[in-house]
Every structure is written in structure tokens, then in C-alpha cells.
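# Coordinate inspection notes
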Amino acid sequence: MLTTPAMTCLMLMLVVMMGTASATEHYWDYIVVGAGPSGLQFGYFLQQANRDYVVLERANTSGSFFLKYPRHDTMISINKRNTGKHNKEFNFRHDWNSLISHDESLLLKHYTREFFPHRMAYHKYLNDYQRKLNINVQHDTDISGVRQEYNETLGKEMFIMGDQKGNVYKCKTLIVAT
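All values reported here derive from a predicted model rather than from experimental measurement.

Every second residue of strand β2 (residues 53-56) is oriented toward a common face, with Y53 and V55 on one face and V54 and L56 on the other, all of them buried. Pairing analysis gives 4 bridges linking strand β1 (residues 25-33) to β2, with the strands arranged parallel. Pairing of V33 across the sheet is with L56, part of β2. For the segment spanning β1, helix α2 (residues 37-48) and β2, crossover handedness is right-handed. As paired strands, β2 and strand β3 (residues 137-138) are joined by 2 bridges and run parallel to one another. Across the sheet, L56 pairs through a bridge with Q138, a residue of β3.

What follows is the structure, encoded as C-alpha cells:
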């Protein structure tokens, strides 16, 4: 018959073993932390360059910052729909909110006519950007414990981090876009 300390030790070992059994290890060449505007833009360029990447986002939606902020509900950056010019490059330089892509339907001017756009229009825009361009975003992944270690196999440093579920993520290049 097991004594109480032995039973406790056995139960702890079981919990540890069960916790690590469900955790998995993932590797990408590039990991982008944060699926806001800069994280999605980075994801787009990595995808266009056919890189092995993932964008990890803590929330269950891209651009979650804009679900709460700015508190006054409007962006302080303008949505200049009309510049008086027909030059696409000139017009894009005066568009302070749209992200770069090959899809001209993904310009904020197609989402709102407001000079100072509402934050929710921008949130919808960011999620459409991610979905339409098929950017590799993994939601509900809260990254912590980032460290750098030397990898003998690769012969160089790599980044290692974990999430709230005990999963481990590794990459050669880490981009923090939070």
C-alpha cells in the first residue's frame, strides 16, 4: 500500500507526464509574434517570398488591439480617399492605414468613407487582409519565455519559446510585431 507522500509523488509525476504528452514542438524558419498591422504586413512579405513562417497571435482574432483602442473609437491617421491625382503610387503614399498587397480591393478606402476611420472598420479590414491573402496566422497562442540557444544541428543560434498550453516553438528568425 502506498503512503501519502508516495501517492503524492506518483500523482505529481502523472500530472507532469500528462502535461508534456499533449504539448508539441513546432519549427518554422520565421516566427512573427503579433497579428496586428505590422505582423500581418510581415506575414504577407514572408509569404510572397515563399518563406517558412507563422504569425502567432494571443487573441482569437487578428488586430485585436482595435477591438478596444483607440478609446474614442476613431483612428488619428487619416483615410485620404481622394488626393486629386490618378497616380496609384502617389495615392497609396497618402493612404496612412492600408497595408501593402497585390490585391487592390484591400485598401481601407473600400471599407469606410470616414476621414478618420472607426476602429472597428480597421479591425474588419485587418481580418479580411489576413483571410483574403491567406496569411498563416495561429490565433489563441500566448507566447512567453523567449530565449536563444545554440543548436548543434544547425550550427547556429535559434529562438525557443512556449505558449500557455505548453507547446514549444522554435525558429531561426524571430520578429516581434506587438
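Here the narrative resumes, following the displayed structure.
Turning next to the side chain of K170. With respect to the helices and strands, the residue K170 is situated in strand β6 (residues 168-176). Residues within four places of K170 in sequence aside, it is in contact with E25, H26, Y27, W28, I31, M158, F159 and I160.

Further remarks concern the side chain of N79. Turning to its location among the elements, N79 is positioned in the loop between β2 and α3 (88-93). In terms of polar contacts, N79 uses its side chain to reach the backbone carbonyl oxygen of T112, at 3.0 Å. Look past the residues within four positions of N79 in its chain and what remains in contact with it is N97, L108, K109, T112, R113, E114, F115 and P117.

Generally speaking, a soluble globular protein has its nonpolar side chains buried in company with each other. In this structure, L40, Y122, Y125, Y129 and I135 are the most contacted members of the largest nonpolar core, which totals 21 residues. Taken together, the elements giving at least two residues each to this core come down to α2, β2 and α4 (119-132). Among the elements that take part in this core, α4 stands out by supplying 4 residues, more than any other. If we skip the residues at most four places from it in the chain, L40 touches A35, S62, L99, L126, Y129, Q130, I135 and V137. With 11 residues, the next largest nonpolar core counts W28, V33, I143 and C171 among its residues.

Look at α2: 17 Å from first C-alpha to last across 12 residues, which is about the 16 Å you get at 1.5 Å a residue. Buried residues in α2 make contact with β1, β2, α4, β3 and β6. N50 occupies a position one or two residues after α2 and carries a positive phi of about 55°.

In terms of backbone geometry, most residues other than glycine have negative phi values and most peptide bonds are trans. Between Y69 and P70 the backbone carries a cis peptide bond, its omega angle lying at -5°. The residue D140 is not glycine, and still its phi comes out positive at about 55°. As for its position among the elements, D140 is in the loop between β3 and β4 (144-151). What makes D140 partly exposed here is its relative accessible area of 38%.

On to the pattern of salt bridges, then. Under the definition given, this model contains 8 salt bridges. Between E89 and R93 there is a salt bridge, with the nearest N and O atoms lying 3.3 Å from each other. You can see E89 and its partner R93 sitting in helix α3, 4 residues apart, about one turn around the helix. The exposure class of E89 is partly exposed, given its relative accessible area of 45%. For R93, a relative accessible area of 62% translates into the label exposed. For R147, the salt bridge identified is with E149, shortest N-O distance 2.8 Å. Using a relative accessible area of 35% as the deciding quantity, one classes E149 as partly exposed.

Here is what the cut-offs are and how they apply
- Residues numbered from 1 in each chain as written.
- Predicted model: local features only at pLDDT ≥ 70, side-chain atom pairs only at ≥ 80, totals over all residues.
- Heavy atoms only, no water.
- Buried < 20%, exposed > 50% of the residue type's maximum accessible area, 1.4 Å probe, protein only.
- Helix = DSSP H or I, 4+ residues; strand = E, 2+ residues; numbered from the N terminus.
- Pairing = 2+ DSSP bridges.
- Right-handed = clockwise from strand over helix to strand, strands pointing away.
- Contact = heavy atoms within 4.5 Å.
- Polar contact = N/O pair within 3.5 Å; in protein donor to acceptor, adjacent residues only side chain to side chain.
- Core = buried A, V, L, I, M, F, W, Y, C linked by side-chain atoms within 4.5 Å.
- Expected span 1.5 Å × (residues − 1).
- Salt bridge = Lys/Arg side-chain N within 4 Å of Asp/Glu carboxyl O.

So yeah, pure geometry; function would need other evidence.
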